Amino acid sequence: MKSVIPGSIVSLVLAALIAACSTPPQTVSADPHGPPEELDLAKPEEPEESEPVRELTGTQAILTRIAAFLSQNDYDQAIALFDEIEEPDRESPGIQLLKASALFSAGKFGESRTVIQAILSNDAENPDALFVLSTIERAEGKTREQRQLLERIIKNRPDHAEALTALGMIFLENRSFRNAASYFDRALEADPQNGDALVGRAGVYRYQRQPQQAEVLLSRAIVLYPRWVTPLSDRARIYREAGALPHALADLDAAETIAPNNYWVLYDRGNIFLDMGKKPEALEEFQKAISVGPDNFLAYVYSAGIKDDLGDYDGAEQDYRAVIRLNPAYYFAFEGLGMLMMRRHAWSEARAAFQEAYKGEAAAPQEKISYALLAAANWMREGTLQAPKQFLQTALRQVERESLEWYVTRLYHDLSGDNDVAIRIDKEKSLDTKQRMLFYLALYYDVRNNQILANRYYLQVKEIGRPGTLEWRINEWTIQERNLNVD
């Protein structure tokens, strides 16, 4: 798998190129995940006719070709060219640092580490080599080693902006906002145009609910690096949180122009359209995100929900199954699949889906009760009334005793006591709880083939009129399917 060049590694690549060439190559382009380097490439004056234009030769020419391949993310081609550089240039620290960066970008962490260690064997405190090594440690999940290397850098180079920024990012990820802010501020003091530090400091402001300060820094980053997607995406999120949806969409439009195949830009655009109530447009964006990132489950979640709402139940089912395949711990997908299976009377599959949802560790107690009762009802339809008895016995121990939910769960377990439950539901003051438990009483009678009472309670659920729950959705499907009179 190939990784991209982080913004700070791009700086090192360019530094190595500049160090190796008297005339820096002008073909290095911005990496989509880090701030692009704004080189001072003002057009030189036209040479006089008596002065021929000097062509790049030797190492300079090869480095120019390497830069071109790096700009296209063609790391294998770039790496192969290093063998064409003649000695002694090939073994110079600058060239080797560039090679290590290219190897890292290609996902060849072991080879990159070998090159960096060779540099450090001759210059143990080379800050740029130590920084590349810190990025390798991070990529391999060794955050403690990464932090130790970064602290080692700033001990000798307190103004090393990249190392300060990377430390800020570590603290930001750990939600230690004060420490993160301190490192980002130090980085910006050393390099006011450091894009990663601007974005990181804006992130701290955002988490601390200071959106205006965050917007100022992100706007500065956008001006400095107009071809960088991240500050546009981050500012769009701030606008979205403030309810300024047109401004958010404008930033994402600009981001999509820069990176039309960026998963998160497409994903965020889908959410903006959802907020605007434009479900077809949102679905289109989520489908684009799926096409460029088929192994990320999030876009499938939203795509499934929209398809479900728009009546494309087969499409929704496919997306729910994709979510389950990619992230089985996301229990909401089992909920959605279970509901669709109930809709088409696939009782066995519905029971299995709700049982999996019931296992969800993050599920709230109220959700667990619903999943247990739905699993039990479908189990009874699938087999016998006694089939889920042991499952319900376990579920009863997890429900607050003497609560209305406990009595309804016990009704499913004992298969008796329905009159008592009906009385308790009638006395319930919470309309939300009353509606949910009425639905399960209706479902109980449905499973017991008492259609008259089942239909009566289905209609009472609708009369309470509190949509938004899975019980309400299933209840609506049942009423439509049976063409019950709701007048």
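Quick caveat: nothing in here was measured; it's all calculated off a predicted structure.

Caption draft 1: The arrangement of the overall build of the protein in detail. Scanning the protein from terminus to terminus reveals 26 helices and 0 strands. Residues counted as buried form 49% of the 487 residues belonging to the protein. Long-range contacts, defined as pairs at least 24 residues apart, comprise 53% of the intrachain contacts of the protein with a sequence gap of at least 6. Of the roughly 24200 Å² of accessible surface on the protein, 48% is carried by carbon and sulfur atoms.

Caption draft 2: Representation of helix α6 (residues 127–139). In this model α6 runs 18 Å from its N-terminal to its C-terminal C-alpha over 13 residues, within 8% of the 18 Å that 1.5 Å per residue would give. Those residues of α6 not exposed but buried are P127, A129, L130, F131, V132, L133, S134, T135, I136 and E137. Once α6 finishes, G141 follows within two positions and takes phi at roughly 80°, a positive value.

Caption draft 3: Structural view of the packing of aromatic side chains. A full pass over the atoms with the stated rule returns 23 aromatic pairs. Relative to W264, the ring of Y263 has its centre 5.0 Å away and its plane inclined at 80°; by these criteria the two rings are edge-to-face. A relative accessible area of 38% means that W264 is categorised as partly exposed. These aromatic residues form a ring-pair network of at least three members: Y263, W264, Y267, F286 and Y302.

Caption draft 4: Representation of the environment of H413 within the structure. Relative to the helices and strands, H413 resides in helix α22 (residues 404–414). On the accessibility criterion, H413 (13% relative accessible area) is buried. Apart from residues no more than four positions distant in its own chain, H413 is found in contact with K389, L392, Q393 and L396. Within polar-contact distance, the side chain of H413 engages the side chain of D414 at 2.7 Å.

Caption draft 5: A look at the packing of helix α8 (residues 161–173) against helix α10 (residues 195–207). Where α8 meets α10, the closest approach of the two axes is 9 Å, and the angle between their N-to-C directions is 25°. Judged by the angle between their axes, α8 and α10 are roughly parallel. Crossing of α8 over α10 shows left-handed handedness. Residues T165, M169 and L172 of α8 form the contact with α10, whose own contacting residues are D196, A197, G200, G203, V204 and Y207.

Caption draft 6: Inspection of the pattern of salt bridges at higher detail. Evaluation of the coordinates by the stated rule reveals 38 salt bridges. Between K288 and E256 there is a salt bridge whose closest N-O contact spans 3.9 Å. In this pair, K288 sits in helix α15 (residues 279–292) while E256 sits in helix α13 (residues 245–258), placing the two residues 32 residues apart along the sequence. Classification of K288 by relative accessible area gives partly exposed; the value is 30%. The partner of R466 in a salt bridge is D432, and the shortest N-O contact between them spans 2.5 Å. Of the two residues, R466 sits in the loop between α25 (451–464) and α26 (470–482) while D432 sits in helix α24 (residues 431–447), which places them 34 residues apart along the sequence. By relative accessible area, R466 is classed as partly exposed at 32%. Given a relative accessible area of 43%, D432 falls into the partly exposed group.

Caption draft 7: Spotlight on the environment of P280. Within the secondary structure layout, P280 lies in helix α15. Counting along the chain gives 27 residues from P280 to K307, while the straight-line C-alpha distance between them is 9.1 Å.

Caption draft 8: Layout of the nonpolar core. Core analysis: the biggest nonpolar cluster contains 92 residues, and L374, Y412, Y440 and L443 have the highest contact counts within it. Of all the elements, α24 adds the most residues to this core, at 10 residues. Here L443 is in contact with M342, L374, A377, R381, Y412 and Y458, once residues within four sequence places are set aside. Counting 59 residues, the second-largest nonpolar core is a separate cluster that includes I66, L120, A202 and V204.

Caption draft 9: Expanded view of unusual backbone geometry. Cis geometry marks the peptide bond from E87 to P88; its omega dihedral reads 0°. Counting through the fold element by element, P88 comes out in the loop between α3 (75–81) and α4 (93–105). Positive phi, normally seen in glycine, also occurs at R209, with a value near 60°. Inspection of the secondary structure assignment puts R209 in the loop between α10 and α11 (211–224). Phi at H345 takes a positive value of approximately 60°, unusual for a residue other than glycine. Here H345 lies in the loop between α18 (331–343) and α19 (347–358). Since its relative accessible area comes to 39%, H345 is described here as partly exposed.

Caption draft 10: Inspection of the packing of α18 against helix α20 (residues 365–382) at higher detail. The interhelical angle for the contact between α18 and α20, taken along N-to-C directions, is 35°, at an axis separation of 12 Å. Where α18 crosses over α20, the handedness of that crossing is left-handed. Across the interface between the two elements, Y331, F332, E335 and M342 of α18 pack against E367, Y371, L374, N378 and R381 of α20. The residue inventory of the contact of α18 with α20, partitioned by class, reads 5 nonpolar, 1 polar and 3 charged.

Caption draft 11: Main features of the confidence of the model for the protein. Per-residue pLDDT for the protein has a mean of 88; in total, 88% of the residues score no lower than 70. Low pLDDT (under 50) marks residues 1–8, which in the prediction has 30 contacts with non-local residues, meaning those over four places away or in another chain. Residue range residues 22–33 is modelled with pLDDT below 50. Its contacts to residues more than four positions away, or to other chains, number 32 contacts.

Caption draft 12: Summary view of α8. In this model, α8 (13 residues) spans 18 Å end to end at C-alpha, consistent with the 18 Å of a helix rising 1.5 Å per residue. The buried fraction of α8 is high, at 11 of 13 residues. One or two residues past the end of α8 sits R175, with phi positive at roughly 60°.

Analysis parameters
Residues numbered from 1 in each chain as written. Predicted model: local features only at pLDDT ≥ 70, side-chain atom pairs only at ≥ 80, totals over all residues. Heavy atoms only, no water. Helix = DSSP H or I, 4+ residues; strand = E, 2+ residues; numbered from the N terminus. Buried < 20%, exposed > 50% of the residue type's maximum accessible area, 1.4 Å probe, protein only. Contact = heavy atoms within 4.5 Å. Areas by Shrake-Rupley, 256 points an atom, 1.4 Å probe, with all protein chains shown as cover. Expected span 1.5 Å × (residues − 1). Phe/Tyr/Trp six-rings, centres within 6.5 Å; stacked < 30°, edge-to-face > 60°. Polar contact = N/O pair within 3.5 Å; in protein donor to acceptor, adjacent residues only side chain to side chain. Axes fitted to C-alpha atoms, helices over the stretch in contact; angles between N-to-C directions. Parallel < 35°, antiparallel > 145°, perpendicular 65-115°, else oblique. Left-handed = near helix turned anticlockwise from the far one by under 90°. Salt bridge = Lys/Arg side-chain N within 4 Å of Asp/Glu carboxyl O. Core = buried A, V, L, I, M, F, W, Y, C linked by side-chain atoms within 4.5 Å. Nonpolar A, V, L, I, M, F, W, Y, C, P; charged D, E, K, R; others polar. pLDDT = per-residue confidence, 0-100.

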